[in-house]
Amino acid sequence: MSHADHQSPRSSVPAAAPTSSAPAHGPAATGPRRTVELTGAQSLSLLGGAPLGRIVFTQRALPAIRPVNHLLDLGQIVIRTHQDSDLFAQARHHGGQGVVVAYQADDIDPLTHLGWSVVATGYCRPVTDPDALRRYQRLIRPWSDRVMDCAVRIRPHLVTGIRLTV
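Residues numbered from 1 in each chain as written. Predicted model: local features only at pLDDT ≥ 70, side-chain atom pairs only at ≥ 80, totals over all residues. Heavy atoms only, no water.

J.: Mind showing me how you'd approach the environment of Val-56 here?
T.: With respect to the helices, strands and loops of the structure, Val-56 is situated in strand 2 (residues 53–59). Val-56 gets classed as partly exposed once you look at its relative accessible area, which sits at 26%. Residues Val-56 and Val-100, spaced 44 residues apart in sequence, show a C-alpha to C-alpha distance of 9.2 Å. When residues no more than four places from it in sequence are discounted, the contact partners of Val-56 are Ala-64, Ile-65, Val-101 and Ala-102. (Helix = DSSP H or I, 4+ residues; strand = E, 2+ residues; numbered from the N terminus. Buried < 20%, exposed > 50% of the residue type's maximum accessible area, 1.4 Å probe, protein only. Contact = heavy atoms within 4.5 Å.)

Structure, rendered in structure tokens:
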């Protein structure tokens, strides 16, 4: 039996075929990538055009990450949520001070490995103004069928970004 036909006693899936040492072809083989640091303004501009991101917060003393869609409004990141969410509860509990979160968005091509990634870290606070909340409910359409009757705003204090280029 050849190595490629061998099956592990723990799995019924055939072992992966040995990889070839031949060079890769296509866009992914264009050469080594460089990492270029972006300014805060460039990073926020890219984040504002992204359709989705990931909110990073603490849940029961451990990091939690949720994919969400967002809106960039006057330099602040706004996401809709529901009243029972851990994120909203923490933001409300910390009141005017807010709770520290990170927000990450990227656009990296899986074939070429080129693109960008942005991380914004700052304080998250609930949106309490009824007019602003109604506006965000019109502008941000949640993915879930759950009622998203609340919103939070992240005021970034540290914004970093990189562009992956050739």
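There's more to say after this.
J.: Can you walk me through helix 2 (residues 86–93) in this structure?
T.: The α-helix advances 3.6 residues per turn, and as a result positions three or four apart in sequence lie on the same side. Listed as buried for helix 2 are Leu-87, Phe-88, Gln-90 and Ala-91. Axial view of helix 2: buried residues confined to an arc of 165°, hence all on one face. Here the buried face of helix 2 lies against strand 2, strand 5 (76–81), strand 6 (99–108), strand 7 (115–126) and strand 8 (150–165). Note on helix 2: the residue one or two positions beyond its end, Gly-95, has a positive phi of about 55°. (Arc of directions from axis to C-beta.)

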